[in-house]
Amino acid sequence: MKLQRMNRRALTLGALAVSGALALTACGSDDTGEKTGNGNASTQAAGDIKCDDAKGQLLADGSSAQKNAIDAWVKQFSAACGVQINYKGGGSGAGVTAFTQGQVAFAGSDSALDPEEIAASKKVCSGGQGIDLPMVGGPIAVAFNVPGVEDLVLDAPTLAKIFDSKITNWNDPAIKKLNPEAKLPDLKIQAFHRSDESGTTDNFTKYLIAATPENWKYEGGKAWQAKGGQAASGSSGVAQQVKQTSGAIGYMELSYAKGMGVVAIDTGAAAPVKASSDGATKAIADAKVVGTGKDLALEINYKTKAEGAYPITLVTYEIVCDKGNKADTLPATKAFLRYIASEDGQSVLAQNDYAPIPADIIAKVRTTIEEMS
């Protein structure tokens, strides 16, 4: 009995110590808490983070759109569990390639795995395959830098013509018609797209294909296909170019668009819709699960006209093996995914301009994570 009391006291003191460390982190420290203990005593202090046997280091790569969310999650998870997570954010294409080559424990992708990628994943997922777990919702903001213009409305046909170099000046009649009150300058449009293979590009062009097929004749995919424009690497690269270039416009995940003008999309609803976490969640709620087995790939309705639903929305998937995960990284991978799919983890998203995954879908994600082996 005495030994039990001592153990209980040790756990209590451990929890208090980590509680203090987390309080310091919340006050702006960059320390991720990687030197905290094995996580058992810190579970209470970090909310619902359950560390189990998580240890060591995880390597991951992929979607740059979700990197701000991953960074926020890693800070909390590392403080609780002492696991280092190195997420490169090199783009969805790079992440999927790294995953199918067995270089990372998980990948982030704004596009679900295609049949060729699933086939390739079977070589690294012993007895299993790669599956898509929808974890982050995000509106793709169309940010602009036009002197003297604070509010801008565009529709799908006009956006398609801008990004296909068919509308090249900001005082074009098509833009004027949508913005009769705006003082649009006689200024060349500088349209920026992604230079790297990107799920953000894939989802942005899927919207154009669905909403205005007569004006967007390209087949879509992670690689940019339209003519003209200028390229930049990653969501951060596009954001930087738009911010510093007069006359610029570009697409990026909303959390990268801080401090810039953001286009409101005329969807045919009663009022144009600006990119927002709430608007993205409304759009994702209209999605269907089209994956089979444990795969939870979604099909988004890009043509939605629901009030307040923002149509240019992506879902970022965490890509993992359903079976055949490496034994040395499985506990930490499951613990991290369990945390980010939890209520606490999903609540972090809206605080960082992302959209939580709707309740019925995230419930399936949680079940699938527990079945990983």
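See the structure printed just above.
Calculation rules
Residues numbered from 1 in each chain as written. Predicted model: local features only at pLDDT ≥ 70, side-chain atom pairs only at ≥ 80, totals over all residues. Heavy atoms only, no water. Axes fitted to C-alpha atoms, helices over the stretch in contact; angles between N-to-C directions. Helix = DSSP H or I, 4+ residues; strand = E, 2+ residues; numbered from the N terminus. Parallel < 35°, antiparallel > 145°, perpendicular 65-115°, else oblique. Left-handed = near helix turned anticlockwise from the far one by under 90°. Contact = heavy atoms within 4.5 Å. Nonpolar A, V, L, I, M, F, W, Y, C, P; charged D, E, K, R; others polar. Buried < 20%, exposed > 50% of the residue type's maximum accessible area, 1.4 Å probe, protein only. Pairing = 2+ DSSP bridges. Core = buried A, V, L, I, M, F, W, Y, C linked by side-chain atoms within 4.5 Å.

A few points about the packing of helix H2 (residues 67–81) against helix H11 (residues 343–351)
One can describe the packing of H2 onto H11 by two numbers: an axis separation of 10 Å at closest approach and a directional angle of 135°. It follows from the interaxial angle that H2 and H11 lie oblique. Relative to H11, H2 is oriented so that their crossing is right-handed. Between H2 and H11, the residues in contact are Ala69, Ala72 and Trp73 and Gly345, Gln346, Val348 and Leu349, respectively. Here the contact of H2 with H11 is composed, by residue class, of 5 nonpolar, 2 polar and no charged.

Things to note about the pairing of strand S4 (residues 130–145)
Burial runs high along S4: 15 of the 16 residues are buried. Pairing of S4 with strand S14 (residues 313–321) involves 9 bridges; the strand directions are antiparallel. Among the inter-strand pairings, Leu133 is bridged to a residue of S14, identified as Glu318. Of the pairings in the sheet, the one linking S4 to strand S8 (residues 248–253) comprises 6 bridges and is antiparallel in character. Residue pairing in the sheet places Val142 in a bridge with Tyr251 of S8.

Section: the side chain of Thr158
Secondary-structure assignment places Thr158 in helix H5 (residues 156–163). For Thr158, a relative accessible area of 5% corresponds to the buried category. With near-sequence residues (within four places) excluded, Thr158 lies in contact with Ile167, Ala174, Ile175 and Leu178.

Examining the nonpolar core
In terms of nonpolar packing, the biggest core is built from 106 residues, with Trp73, Phe77, Met135, Phe163 and Ile249 touching the most fellow members. Examining the composition of this core, we find that 9 residues originate from one element, S4, more than from any other. In contact with Phe163, other than residues within four places in its own chain, are Val142, Ala191, Phe192, Phe204, Trp216, Trp224, Ala226, Lys227, Ile249, Gly250 and Tyr251.

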